[in-house]
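# Working through the structure, step by step
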Amino acid sequence: MEDKKKRRRADSDSDSASQPFKHLLKSDDHILQILKSLTSSSTSKPLTLADLSLSSTCREVSDLSLSSVQSAIECLVLQLTHQILSGQGFSFTVPSRSSSNQLYVPELDRIVLKNKSTVLPFTHISSVRKTTITAKILSLIPQLSLKNIHVTKRDLFYTDVKLFQDQIQSDAVLDDVSCMLGCTRSSLNVIAAEKGVVVGRLIFSDNGDMIDCTKMGMGGKASPPNIDRVGDMQSDALFILLVEKDAAYIRLAEDRFYNRFPCIIVTAKGQPDVATRLFLRKMKTVEASGVALVDSDPYGLKIVCLRIREQCRLPMTEQDIKTGKDLLEEDFVKKNPGWVEELNLMVKTKQKAEIQASSSFGFQYLSEVYLPLKLQLQDWL
């Protein structure tokens, strides 16, 4: 009997040593109560530039209907016609997207464009090509609106390879056109290839088909590229979990973490692509808080990691350090003291830690101990 007690104590000590902080973990019911209190307190109405009296000095793009996009293009063509007939020549006025024309608005927690613009005259040798590309893009968009079809940026590039030469150029002009028209790129029916996936407590319609994200298997549902055809979102999730790494997403999806703690798990397998960002934006209709699980390095800006043990840390590359220093100069980072503290620590120690470091304590440590404890302690930035 005494030998059995000793073995149980030894097993307990071994488990505590191999899975640190597990002894701090409280019951799931306790953690759920914490999450419910967070959800009930996050019901503020989003502000707009008009609310802040900035609509006259800053530009704001919005989701426009196909008919509104068509009307905006027609108005632009009429302006160009008037310019030509009045002897002013053919030129486009394009909003500047340079860093000097960007303004961080703390109340909105996002960057907007100020009113600086660049004129692209067709008669000037330095801008004639870009003016021609802009006119070409503007001639293609109405075709998509009239037929109500979607194409990728790659499709658009292949309509005139000799003119565009490189997709980077057609992509850049496409963004300029959306700014000129005051609409999002998705409003032009031009989409980017998606790489994000979603799994968990979410049901939504995708072009008329109802999608239940709890029945998508471990692979999840790909983020729909045609965001204008997504609607009827239903969810009982207490939070939305954005996961940086695919490996961490697979661990949480396979363990069905969303059933233990009702949530929606989204990953873009790295830096979020446009389709994933638009899908997350669409989920604003879901009354749930947002949490990000990322690496403890400058690329994982919203750091949500516990202090990682020495054997799990990695040296930062010169590019990592440069990225960290660049982020410390950004206004949206400076407004959050926690981010500044973490980035300064990384740059000073020249060390980082990846989410997969938790696997050194067991393959399921992330879903069984680490993340539940983070939620319990509300330990995030």
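Residues numbered from 1 in each chain as written. Predicted model: local features only at pLDDT ≥ 70, side-chain atom pairs only at ≥ 80, totals over all residues. Heavy atoms only, no water.

## Topic: the overall build of the chain
A tally of regular secondary structure across the chain gives 14 helices and 17 strands. Counting every position in the chain, which comprises 381 residues, the buried fraction comes to 43%. Of the contacts formed within the chain by residues at least 6 apart in sequence, a portion of 72% connects residues at least 24 apart. Accessible area for the chain stands at about 20,400 Å²; split by element, carbon and sulfur atoms hold 53% of it. (Helix = DSSP H or I, 4+ residues; strand = E, 2+ residues; numbered from the N terminus. Buried < 20%, exposed > 50% of the residue type's maximum accessible area, 1.4 Å probe, protein only. Contact = heavy atoms within 4.5 Å. Areas by Shrake-Rupley, 256 points an atom, 1.4 Å probe, with all protein chains shown as cover.)

## Looking at the packing of helix H4 (residues 128-147) against helix H7 (residues 167-181)
For the pair H4 and H7, interaxial distance at closest approach is 9 Å and the crossing angle is 70 degrees. Between H4 and H7, the angle falls in the class roughly perpendicular. Crossing of H4 against H7: the hand is right-handed. Across from Arg129, Lys130, Ile133, Thr134, Ile137, Leu138 and Ile141 in H4, the residues of H7 making contact are Gln169, Ser170, Val173, Leu174, Asp176, Val177, Met180 and Leu181. Looking at the contact of H4 with H7, its residues break down into 9 nonpolar, 3 polar and 3 charged. (Axes fitted to C-alpha atoms, helices over the stretch in contact; angles between N-to-C directions. Parallel < 35°, antiparallel > 145°, perpendicular 65-115°, else oblique. Left-handed = near helix turned anticlockwise from the far one by under 90°. Nonpolar A, V, L, I, M, F, W, Y, C, P; charged D, E, K, R; others polar.)

## Here's the deal with the side chain of Gln167
With respect to the helices, strands and loops of the structure, Gln167 is situated in helix H7. With residues up to four places along the chain from it excluded, the contact list for Gln167 reads Lys153, Arg154 and Phe157.

## As for helix H10 (residues 274-282)
Within the sequence span of H10, burial applies to Ala275, Thr276, Leu278 and Phe279. One side of H10 carries all its buried residues, which in axial view fall inside an arc of 165 degrees. Where H10 is buried, its residues contact strand E8 (197-200), strand E9 (203-206), strand E12 (230-234) and strand E14 (263-267). (Arc of directions from axis to C-beta.)

## Some points on the packing of aromatic side chains
As enumerated under the stated definition, the model contains 6 aromatic pairs in all. Plain terms: the ring middles of Phe90 and Phe122 are 5.7 Å apart, the flat faces sit at 40 degrees to each other, and that makes the pair tilted. Here the residue Phe90 occupies a position in the loop between helix H3 (66-85) and strand E2 (91-95), and Phe122 occupies one in the loop between strand E5 (117-121) and H4, the gap between them amounting to 32 residues. Its relative accessible area of 38% is what places Phe122 among the partly exposed residues. (Phe/Tyr/Trp six-rings, centres within 6.5 Å; stacked < 30°, edge-to-face > 60°.)

## A look at the sheet that holds E9
A sheet is described by the order of its strands in space; here 3 strands give the open sequence E10-E9-E12, paired in antiparallel fashion. Each edge of the open sheet carries a strand with a single partner, namely strand E10 (209-212) and E12. Direction aside, the axes of adjacent strands within the sheet are offset by 25 degrees on average. By the bridge criterion, 4 bridges tie E9 to E10 in an arrangement that is antiparallel. Bridge assignment links Ser205 to a residue of E10, and that residue is Met210. (Pairing = 2+ DSSP bridges.)

## Considering the confidence of the model for the chain
Averaged over all residues, the pLDDT of the chain is 81; the fraction at 70 or higher stands at 88%. Mean pLDDT values over the elements of the chain span from 48, in helix H1 (residues 2-18), up to 93, in helix H9 (residues 257-260). Throughout residues 4-14 the model reports pLDDT below 50, and contacts reaching past four residues in sequence, or to other chains, amount to 1 contact. (pLDDT = per-residue confidence, 0-100.)

## Some remarks on the pairing of strand E13 (residues 239-243)
A regular strand places its side chains on the two faces of the sheet in alternate fashion. When you tally the buried positions in E13, you get 4 out of 5 residues, the bulk of the element. Pairing of E13 with strand E15 (residues 289-293) involves 5 bridges; the strand directions are parallel. By the bridge assignment, Leu242 is partnered in E15 with Ala292.

## Some remarks on the nonpolar core
Ranked by internal contacts, the top residues of the largest apolar core, which has 28 residues, are Phe239, Leu241, Leu252, Phe257, Ile265 and Leu293. If you list the elements that add at least two residues to this core, you get helix H2 (28-41), E8, E13, helix H8 (246-254), H9, E14, E15 and helix H14 (365-377). Tallying contributions element by element places H14 first for this core, with 6 residues. Those residues in contact with Ile265 that lie beyond four places of it in its chain are Val197, Val198, Val199, Leu241, Val243, Tyr249, Leu252, Phe257 and Tyr258. (Core = buried A, V, L, I, M, F, W, Y, C linked by side-chain atoms within 4.5 Å.)

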